[in-house]
Amino acid sequence: MPTTRIRAQLDRYYQEVASIILTRQNPATGLIPASVAITTHGDYRDAWVRDNVYTIFCVWGLALAYRRIDDGDGRGYELEHATIKTMRGLLSSMMRQADKVEKFKNTQAVGNALHAKYNTQTGGTVVGDNEWGHLQIDATSIFLLALAQMTACGMQMIYTMDEVQFIQNLVFYIERAYRTPDFGVWERGNKVNHGEPELNSSSIGMVVAALQAINGINLFGARGGPGSVIHVLPDEMTRNYTTLHSALPRESASKEIDAALLSVISFPAFAINDEALVTRTRNDIVKKLGGNYGFKRFLRDGHQTVLENSTRLHYDPAELKIFEGVESEWPLFYTYMILDGLFREDSEQVQLYRRKLDPLLVDSAAVENYNRDHLAHETDTNTKGTPYVSKRALPPAHMRLVPELFIVPRAAIEEERKNPGSQIRVPNENVPLVWAQSLYILGNLIYDDLLSPAELDPLGRRLGASRKKSHSEVVVQVVLLAEDEELQDRLRKYGLDTQIPENCAPVTISPPSALRDAYTALGENAKLGLSGRPKRPIGTLSTSKLYRCQGRLYAFTPHFMDKEEFYLVSDNDYLVSLFEQELSFVRNHWFATGRPTMTIMLTREMLGGLRGAEIGSQRWRNNSAHSSGRNLLNFMMSLRSGNVAGVRVRTGRLGEMINTACIASLDFLVTAENSDYEDWDTLLRGEDNDQASTKLSYSPKDTEETSKERIRSASIDRRTPQRRSSMDIHVPKSPLASPWFTDEPWAKDSFRLHDHVESEHRGDVSFGDGQSVRVHSPIRGLATNLFDSTPEGSMEFDPDPECEAAAAAGSGGSTALLTLTLNDPKRVDEAIKLLENSSNLYDQVDLLHYILSCEGLDYDVGSMGTVSELLEEVYLKAMHLRQWSIVRQAAGLLKKVVNSLTINVADLLIRQRPVTIGFGNEEMFITSPMHPAALKDLIYRHCASDVREAPLVQEILTYLGSFIRGTPSMFEGIMRVRTHFFIIAIREEISRMKGCNEEEAVEELMQLSPFEMKSLLGQILAAHDSCNLPETSTGAVSVARWRHLGHVQVQGTESSAMRLANIGANLPTELTLRVQSAGFLAGSFTKMEVTRDGQLQHIRGVFGRGLNVAVLDPLDGTVIERASYDTHVSRQESDDFVKLVEWLEPGMMVVVAAMDDAAECLTEAAMAACERLGASKIRNLKYRDSWCLLGEKGAEKGSVPEAHRPADKGPTELLERKIDLGVRRRNILNQATNNSGAGAPTTASAAATALALLLPSQGRWLRRRKNDGALNRVPPDFYPKVWKVLSRSEGILVGKSFLPSNPTVYEKTAEELNFALQVETLLDVVRDPAERQVAAECVMLICRVFERNPSVKLRKARLDVLSLVRDAIECFWRKWSEQRSTNTTPTSPTIPDATTSVDDEKRIPPTPPFLNRNSGLTRSQSGLTVDTAQPPSAVATALFIDALLMAPHLQSAGSQQSATASGPDWSFERHERVARRLFFDLPQDGP
């Protein structure tokens, strides 16, 4: 294009920009009014921050265009400095409110927000803090985004360090947007405009763009130093991004979609890298909000419509419905679509929206302020009051102006509603909307090839999707450190190479708290009263960098490995799962240059079991310290494989990692005010914790036995503690450890209580049946009447023999049990005497609980210390023994809180998952992030029914937060997180798996380790899609099914039958196992494979030197345990292998393979254990030989596949074994049936098995419905379909809860989050989880009937959902019982019900029904026969339709089938409980 033509075009645009924008710019402040209009909707002469930035965009763009030519007129210079003047004017206005920035970054309070508009003339405030919705985070964010882009193109915006530090504080101001509700781009928050802020995706999206853009920008440009660089922590960027990604295309709780999101997915933000999500959001906006005159802002937007009542700002709830279909349409969004097409090079979209926009533009001749003839003859008044003709420059003729919006005239309202888009709209008086005009000019500059997208986006944000790193490109570097040389040597013996911090030069190793403290100096400015970044935890992405300060390098250990006050990280298995999760998180969100480098500090406390100290437990599963330390060690060794759970990993020495690591700068510390480099160097090194001694004695074995007794006593009324002698243990010192741990053994001299000594003649010590230790505060709803023989709030203690006399003296000479009542201080002295002689942690924590209730935490317990100090000791000792019930009880008494609790709760809330705490009337909703202290108080106040409940609730929230971050698909269909019902779901799952009652299940639950609790919770969440998690779950679910769930194990076939009856799974039938072994000379590898029903699943995990073992469930072939025993280096490892084999139940399948060498320290007991698995060649195993086995517990010697080869003969052949699981399950049930039929006492397992045989889907759908109901999960598109049903009825009735059609459908849209929450509240009245789920399916079915039969109408009455469900169950029972009564034979089993005693139940026939998954619904033995030509999923649908159409005419099933003298009573009233369970197991019609 010729230069003269380009200049002519630029000059024409210059004249437009000058007349529309520059003439309005205030010469003193540089601010630009949003408009010159003063209407009933407000005074638009003020300067909005957002509007100023958008307005100045076209001035900036035109200035960039002038850079292309030789600008002799200086217009480019003028435009650039006009841009700078506006940006600096906004900066000046905001800096006057620096005190608000300081307050807001710490509180996020609405009243502390920066103002979003200022006086154009003075730059001062125009509206009070609480008189308008100033909290508009998107406005501050777009200012920072524009500042970053303009600085990157070479403009000098910032002049002083004061301004730099203020901008840094603006980063802190916006970085928590993911958890800060604001009033949004439309300044109203909730669409009802009641002044309630919301989390808005458009605000969070602009924050994401601002943080990403300004990170690393030197505000002084090329001449700046390290002090003028802006820093953004990557974890804050990631948290905002993931929040935005999970929310789109939803805008907020009240707005399901908003056209403002166009600015997020395209120019200017480009905040989303996911092209599919961008396309989906764009398409939803066009589909739901598109019109002939522009886009609606959001659905039911009444702003400036003729129906709006302009005398008030808010709307009435039922008023929003009247705006539907007649919302104002904004041509502003056509300009966004044009720019979007230009940046994406989508010429078709550009042409489409240019054609749509062209007829909407208004000729400037029709606008008084831009009419040349009018302005030429306009007279002004001078300072003396004398009229004169203005000599200002006239605007160009016939400019095309963009109106603010188009309105449907009042006369056309009804016709527009009938035929959307048919009526002619008229523009309002605000012409032009300068914001829209600026974007229109910007689009024309690019369209006319006067400006390129690259010039408007010098930071390349538009290329974000193409620059996104693939997972395979990210390699996480891991450096393993040992805290001292002793541990380093010990780890080296196990084959793990580590460094000690002293040998990492030139890098200094520091804790994450040091980095947190260092960042508090960032942005600090005394003149402005700014303190820098608040002391918030530093995330993993930040600690995965190396840092340089004045040439010195620093590495920081990750925060999740830091020893915190709460007990979660004391469980090494949980720590391993957390490590895997963080590795995946780093891989998924790493976008910096260089590789992430994680520095892991291994301490003797973590690996304490490696000392070889004996632990009191005799069961392999409870050898907690040793097995937990070994599991952590094995995981660290697995890092050497280069791949951990799909994450590429590289291990090595820190010095080797420096060249490829990401290195960030901390040089701002040196340039900070009043800084001293040596002081900062000391700070960056971190400090160790102080140490303290212990005062309470304890016996691990005694506590271990009490743990088992407590669970066994859950179903009876007493617990008899088995007291044994205490033992001294060695607790290692760690720089990251709690101060309670010391380096020396706990000497008796430090104890203030006598150790309990186990009597050699236990038979001489008699304990009565009534002697117990008991706490009466069960979690409400978890189990009822756990201990109903003692008054609530009381405890009963059996004194130790040595203190029995003292206790008797203290109680008036009586030798009766010491009964203690909480808050009754009469027996505090007796409790203290008992405490002094107790070495049982259960007794200690219960006694301290009583003393605390009477005297408080600060009470001095004799010479031992305060109650708080003694509880801390019990807490730490219980953690060492992995006695998690005691740990939770002590944590509850001390009111401990998880450090990351607020972060995890916020992660749930920002993904639109409100959280509830408590139950019933005590249930409290959390809908917005809370301060840590307030959240702690809320949890402990509403979870006071059991002292263990508050820590458990914190655990669950922590696990759910990690799940929703890593696998958000788990939460599909779950609208609210009701913690109490999650606990119920866990209890039900334990009860189902173990066949135990509720009381036992509660105690089992409390004994679960954090890792097992998290695994079980993950299993429950995943059960919606599959009854068994895929193999990629690393076996967490399988482990949770067995580990520490065996305290009340019913042994043998009866146990297997009970679990099979309750498993509720779609079980596989064919299992194939394969294994291969290679010694050191043969390649040193182990290969294990499992194929279930043709699906190959590699047994992943730690394959190390020695014996590698995998244990499989005999019922379904699930891998329930994986372990590696280094029998080359330690005989202790052989002993641990023996304990594993002893722990196994008969019939369990075991895969064993040697790797490298397994013979050096293989003991006689270990070889005998292999022979108990069926091995016959194990005694031939020599140094570095290859050997593997496909064994089974209890198999005869030589009866299972086994292979052995000498060291120089290569690896073994690939062994294979095929197993028919269906036959195994039938044999188990047959044996259980034969045992019961032979006169054996009837047990709960027999009843459970009998009923399981009758369940239509083997319990699979019953289990899914119970889980989904407890988790409040609903089917896809549930809420829009409820909305449709509601709109065609007077309302929906569920129990006593009623949801009226009016005003609900008038106020809320179908996909609005607030409507979904209202429906959830409606379903809360249903207490049975399975029934709740069936009720949801019922509503879905009714909607489907409407969709397929549009002519069908509901009667004008309330839709009673529960009555309809009950009618369907009764209809099902009537048909089922009719078939059964006609097909009953003398050998047919009866169904146990509530009125039939267990002893009177008939036995199950010797040949049970099919248990394979292809059995369908045909049950010849049970009497349930359904036409196999009809899909099983159609059964429930047909019954619902029958009930829907015939319910008013149905007669009582009981009256039709009354009992007769010759036949059984099949009445529905008698068998309703059984009928409900059978009905709830019918397959759903659809997924």
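Below you will find a few notes about this structure. (Residues numbered from 1 in each chain as written. Predicted model: local features only at pLDDT ≥ 70, side-chain atom pairs only at ≥ 80, totals over all residues. Heavy atoms only, no water.)

## Brief notes about the overall build of the protein chain
Rules: Helix numbers and strand numbers start at the N terminus; a helix is a DSSP run of H or I with at least 4 residues, a strand a run of E with at least 2. Burial classification: accessible surface area is computed with a 1.4 Å probe over protein chains only, and a residue below 20% of its type maximum counts as buried, one above 50% as exposed, and the rest as partly exposed. Any pair of residues with heavy atoms lying within 4.5 Å of one another is described as a contacting pair. The accessible surface values rely on the Shrake-Rupley method and a 1.4 Å probe; as for residues, cover is taken only from the protein chains in view.
Within the protein chain, the regular secondary structure consists of 52 helices and 37 strands. Counting the 1487 residues in the protein chain, one finds 62% classified as buried. Sequence separation of at least 24 residues holds for 74% of the intrachain contacts in the protein chain that already meet a minimum separation of 6. A total of about 55,200 Å² of accessible surface is found on the protein chain, and carbon and sulfur atoms cover 48% of it.

## A few points about the sheet that holds strand β36 (residues 1297-1300)
The criterion, for reference: Two strands make a pair as long as DSSP finds a minimum of two bridges between them. Note on definitions: angles span 0 to 180 degrees between N-to-C directions of axes, and those axes are lines fitted to C-alpha atoms, for helices only across the stretch in contact.
The sheet built from 3 strands is open, its strands ordered β36-β35-β37 with mixed pairing. Of all the strands in the sheet, just β36 and β37 (1359-1360) have a single pairing partner and so form its edges. Strands in contact with helix α45 (residues 1278-1287) are β35 (1291-1294), β36 and β37; relative to β35, the strand with the most contacts, it is inclined by about 110°. With respect to the sheet, helix α47 (residues 1313-1323) is in contact with β35 and β36, its orientation differing from that of β36 by roughly 150°.

## Comments concerning the environment of H931
Here is the rule: Pairs of N or O atoms within 3.5 Å make up the polar contacts considered here, provided that, within protein, one atom can donate a hydrogen while the other can accept it, and that residues adjacent in sequence are counted only when both atoms are side-chain atoms.
With respect to the helices and strands, H931 occurs in the loop between β24 (924-926) and α33 (932-942). Between the C-alpha atom of H931 and that of T107, which follows or precedes it by 824 residues, the distance is 8.2 Å. Of the polar contacts made by the side chain of H931, one reaches the backbone nitrogen of A933; its length is 3.1 Å.

## A closer look at the nonpolar core
To keep things clear, this is the line we draw: Put simply, buried Ala, Val, Leu, Ile, Met, Phe, Trp, Tyr and Cys residues joined by side-chain atoms within 4.5 Å make one nonpolar core.
Counting 145 residues, the largest nonpolar core has F57, F143, I167 and I214 as its most contacted members. Leaving out residues up to four positions away in the same chain, I167 has contacts with L91, F143, L144, L147, I158, I214, L219 and I230. Y494, L541, V649 and L893 belong to the second largest nonpolar core, which has 121 residues in total.

## Here's the deal with the sheet that holds strand β23 (residues 915-917)
Strand order across the open sheet formed by 3 strands is β24-β23-β25, with mixed pairing between neighbours. Edge positions in the open sheet fall to β24 and β25 (977-978), since each of these has one partner strand only. Alignment of β23 against β24, held across 3 bridges, turns out to be antiparallel. For V915, the partnering residue across the bridge sits in β24 and is I926.

## Observations concerning helix α30 (residues 867-881)
Going by this rule: An expected span of 1.5 Å times one less than the residue number is assigned to each helix.
Between its first and last C-alpha, α30 extends 21 Å over 15 residues, near the 21 Å set by a 1.5 Å rise per residue. Burial within α30 is extensive, with 13 of its 15 residues counted as buried. Downstream of α30 by a residue or two, R882 has a phi angle that is positive, lying close to 60°.

## Description of helix α7 (residues 201-214)
Here α7 is 14 residues long and its end C-alpha atoms lie 20 Å apart, about the 20 Å a rise of 1.5 Å per residue gives. Taking burial as the measure, the 14 residues of α7 include 13 buried ones, the bulk of the element. Just downstream of α7, G216 is the residue with a positive phi angle, here 85°.

## Comments concerning the pairing of strand β30 (residues 1119-1125)
Burial of β30 is extensive: 6 of the 7 residues sit out of reach of the surface. Linking two consecutive strands that pair antiparallel, namely strand β29 (residues 1106-1112) and β30, is a turn of 6 residues; a positive phi of about 75° is found at G1117 within it.

## Details of the pattern of salt bridges
To keep it simple, the criterion reads: Only one rule defines a salt bridge in this text: a Lys or Arg side-chain nitrogen within 4 Å of an Asp or Glu carboxyl oxygen.
Taken as a whole, this structure holds 73 salt bridges when the rule is applied. Salt-bridge contacts for D129 lead to K100; the nearest nitrogen and oxygen are separated by 2.7 Å. Taken together, the positions of D129 in the loop between β4 (117-118) and α5 (137-152) and K100 in helix α4 (residues 98-107) put the pair 29 residues apart, joining distant regions of the chain. Close ionic contact of E1312 with K191 constitutes a salt bridge, the shortest N to O distance being 2.7 Å. Of the two residues, E1312 is situated in the loop between α46 (1301-1307) and α47 and K191 in the loop between α6 (161-174) and α7; the sequence distance between them amounts to 1121 residues. Taken individually, E1312 and K191 each receive the classification buried, so the pair is uniform in this respect. Residues joined by salt bridges that share partners form a network here, namely E923, R976, R978, E1320, D1324 and R1332.

## A look at the packing of helix α2 (residues 49-66) against helix α3 (residues 75-95)
Using the following cut-off: For this classification, under 35 degrees means roughly parallel, over 145 means roughly antiparallel, 65 to 115 means roughly perpendicular, and everything else is oblique. Crossing handedness follows the turn of the near helix against the far one: under a right angle anticlockwise gives a left-handed crossing, and clockwise gives a right-handed one. Amino acids are sorted into nonpolar (Ala, Val, Leu, Ile, Met, Phe, Trp, Tyr, Cys and Pro), charged (Asp, Glu, Lys and Arg) and polar (every other residue, Gly among them).
Two elements in contact, α2 and α3, have axes whose closest approach is 8 Å; the angle formed by their N-to-C orientations is 160°. Viewed along their axes, α2 and α3 adopt a mutual orientation that is roughly antiparallel. Here α2 runs over α3; the crossing is left-handed. From α2, V49, N52, V53, I56, V59, W60, L62, A63 and Y66 reach across to α3, where they touch R75, G76, L79, E80, A82, T83, T86 and L90. For the contact of α2 with α3, the class distribution of residues is 11 nonpolar, 4 polar and 2 charged.

## Observations concerning the environment of I984
Tracing the backbone through its elements, the reader meets I984 in helix α35 (residues 979-994). Spatially, the C-alpha atoms of I984 and V1002 are 9.3 Å apart, while their sequence positions differ by 18 residues.

## A short note on unusual backbone geometry
V431 connects to P432 through a cis peptide bond whose omega is -5°. By the element assignment, P432 lies in the loop between β12 (426-427) and α15 (434-447). In this structure, Q108 is a non-glycine residue whose phi angle is positive, near 55°. Along the chain, Q108 turns up in the loop between α4 and β4. One non-glycine residue, H398, lies in positive phi territory at about 55°. Turning to its location among the elements, H398 is positioned in the loop between β9 (387-389) and β10 (400-401). For H398, a relative accessible area of 54% gives the class exposed.

## Brief notes about the pairing of strand β32 (residues 1186-1192)
Within β32, 7 of the 7 residues are buried, which leaves it mostly tucked inside the rest of the structure. Burial along β32 is two-sided: the face carrying S1186, C1188, L1190 and E1192 and the face carrying W1187, L1189 and G1191 are both buried. Inspection of the sheet shows strand β31 (residues 1149-1156) paired to β32 by 5 bridges, in the antiparallel sense. What sits directly across from V1152, in β32, is L1189. Inspection of the sheet shows β32 paired to strand β33 (residues 1202-1205) by 4 bridges, in the antiparallel sense. Across the sheet, residue W1187 finds its bridge partner in β33, namely H1204.

## Things to note about the packing of aromatic side chains
What counts, and what does not: Paired rings are identified among Phe, Tyr and Trp, the last through its six-membered ring, by centres lying within 6.5 Å, and are further divided according to the angle between planes into stacked (under 30 degrees), edge-to-face (over 60) and tilted (the rest). Charge over a ring is defined by NZ of Lys or CZ of Arg lying within 6 Å of the ring centre and within 35 degrees of the ring normal.
With the rule as written, the count across this model stands at 33 aromatic pairs. Ring centres of Y293 and F406 lie 5.1 Å apart, and the angle between their planes is 40°; this geometry places the pair in the tilted category. Of this pair, Y293 sits in the loop between α10 (275-289) and β5 (295-296) while F406 sits in strand β11 (residues 406-407), and the two are 113 residues apart along the sequence. Like F406, Y293 is buried. Residues Y334 and Y353 carry aromatic rings whose centres are separated by 5.4 Å and whose planes lie at 55° to one another, so their mutual orientation is tilted. Note that Y334 is positioned in helix α11 (residues 332-344) and Y353 in helix α12 (residues 347-357), a separation of 19 residues in sequence. Judged on exposure class, the residue Y334 and its partner Y353 are both buried. Positioned over the ring face of W132 is K117, at 4.3 Å from the centre of the ring. Just above the ring of Y1306 sits the side chain of K321; from NZ or CZ to the centre is 6.0 Å.

## Considering the side chain of E329
Structurally, E329 is set in strand β6 (residues 329-330). Of note is the side chain of E329, whose polar atom sits 2.9 Å from the backbone nitrogen of Y293.

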